[in-house]
Amino acid sequence: MNTLAKGLMFLGLFLILIGCCMLLANRMGLGRLPGDFMLQRKNVIVYFPLATSLLVSLLLTILLNLFLRR
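Being a predicted model, the structure only gives us computed values, none of them experimental.

Re the environment of Phe14
Part 1 of the reasoning: Within the secondary structure, Phe14 sits in helix 1 (residues 2-28).
Part 2 of the reasoning: Separated by 20 residues in sequence, Phe14 and Pro34 have C-alpha atoms that sit 30 Å apart.

Printed below as a string of structure tokens:
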């Protein structure tokens, strides 16, 4: 039972961290870059953040390479 409680606390902190990162990314303009596509029809909206995905992937690749190579 103790392990389950620790796992749930870790999961909660992880979700809070992801939420904070999403709020900061929204304030910096991520999600509204020129390469992000949004198709809007009568009652359907399809959003495909291509440029944002590429930028986040590039940043994560650089950060992981810096930290994991040491």
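On we go from here.
A look at the pairing of strand 2 (residues 45-49)
Part 1 of the reasoning: The pairing of strand 1 (residues 36-40) with strand 2 spans five bridges and is classified as antiparallel. Within the sheet, the bridge partner assigned to Leu39 lies in strand 2 and is Val46.
Part 2 of the reasoning: The turn joining strand 1 and strand 2, which pair antiparallel and follow one another in sequence, is formed by four residues.

Some remarks on the side chain of Asp36
Part 1 of the reasoning: Structurally, Asp36 is set in strand 1.
Part 2 of the reasoning: One buried charged side chain, Asp36, makes no salt bridge at all; its nearest oppositely charged neighbour is Arg32, positioned 7.6 Å away.
Part 3 of the reasoning: For Asp36, the side chain forms a polar contact with the main-chain nitrogen of Ala51, separated by 3.1 Å.
Part 4 of the reasoning: Those residues in contact with Asp36 that lie beyond four places of it in its chain are Gly31, Tyr47, Phe48, Pro49, Leu50, Ala51 and Thr52.

Thoughts on the side chain of Thr52
Part 1 of the reasoning: With respect to the helices and strands, the residue Thr52 is situated in helix 2 (residues 50-68).
Part 2 of the reasoning: Those residues within four positions of Thr52 in sequence are excluded, and the remaining contacts are Leu30, Gly31, Arg32, Leu33 and Asp36.

Scoring rules and cut-offs
Residues numbered from 1 in each chain as written. Predicted model: local features only at pLDDT ≥ 70, side-chain atom pairs only at ≥ 80, totals over all residues. Heavy atoms only, no water. Helix = DSSP H or I, 4+ residues; strand = E, 2+ residues; numbered from the N terminus. Pairing = 2+ DSSP bridges. Buried < 20%, exposed > 50% of the residue type's maximum accessible area, 1.4 Å probe, protein only. Lys, Arg positive; Asp, Glu negative; His and termini not counted. Salt bridge = Lys/Arg side-chain N within 4 Å of Asp/Glu carboxyl O. Polar contact = N/O pair within 3.5 Å; in protein donor to acceptor, adjacent residues only side chain to side chain. Contact = heavy atoms within 4.5 Å.

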